[in-house]
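Here is what each chain is made of, one letter per residue.
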Amino acid sequence: MSVPAAGAARCPPETMYLSRFTIRRFRSCRSVEVQLQPALTLLVGENNAGKSNVIEALRLATLPLSGRRTVISSLMISLAMSRARSR
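All of the points below concern the structure found in this document. (Residues numbered from 1 in each chain as written. Predicted model: local features only at pLDDT ≥ 70, side-chain atom pairs only at ≥ 80, totals over all residues. Heavy atoms only, no water.)

## Concerning the layout of surface pockets
Summary: where empty space remains is shown by rolling a probe the size of a single water molecule over the atoms. Here is the rule we go by: Cavities and pockets were defined on a 1 Å grid built over protein atoms only: a cavity is a set of grid points that admits a 1.4 Å probe from which the probe cannot escape, a pocket is an open set flanked by protein on both sides within 12 Å along at least five of seven lines, and lining residues are those with an atom within 4 Å of any such point. Grid points are joined across faces, edges and corners, and a volume is the space filled by probe spheres set on the points. Ten residue types, Ala, Val, Leu, Ile, Met, Phe, Trp, Tyr, Cys and Pro, are classed as nonpolar, four, Asp, Glu, Lys and Arg, as charged, and the remainder, Gly among them, as polar.
Within this model, the second largest pocket holds a volume of roughly 310 Å³. Of the residues in the lining of the second largest pocket, the class split is 10 nonpolar, three polar and no charged.

In structure tokens:
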């Protein structure tokens, strides 16, 4: 059994936790790995550094809480996947 580090927040047992994700060839992100913390993760950087692109990539990769995708989100995902395949 692993014990969280001192001061680390715990997720409830029924909660899925995304600890990290990698973004490749999405907008300004060529190859970016983002480490996430259970309680709070801050993205800090200069203007035009790609913070919004990281959030948009995560938003597109995950389902909305309702489990339904909007038509626009589905089209954007299809377009991104077809572009990735063509490279």
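## Describing the nonpolar core
The test is simple: Definition of nonpolar core: a set of buried residues of the types Ala, Val, Leu, Ile, Met, Phe, Trp, Tyr and Cys, connected through side-chain atoms within 4.5 Å. Partly exposed residues are those whose accessible area sits between 20% and 50% of the maximum for their type, while under 20% is buried and over 50% is exposed, using a 1.4 Å probe and protein chains only. Strands here are runs of E lasting at least two residues and helices are runs of H or I lasting at least four, both read from the DSSP assignment and numbered beginning at the N terminus. Throughout, a residue-residue contact means that at least one pair of heavy atoms, one from each residue, lies within 4.5 Å.
The biggest cluster of nonpolar side chains holds nine residues, and these are Phe21, Ile23, Phe26, Cys29, Val34, Leu36, Val54, Ala57 and Leu60. Among the elements of the structure, strand 1 (20–26), strand 2 (29–35) and helix 1 (51–61) are those that each provide at least two residues to this core. If near-sequence neighbours (up to four positions away) are discounted, Leu36 is found in contact with Tyr17, Leu18, Ser19, Arg20, Phe21 and Thr41.

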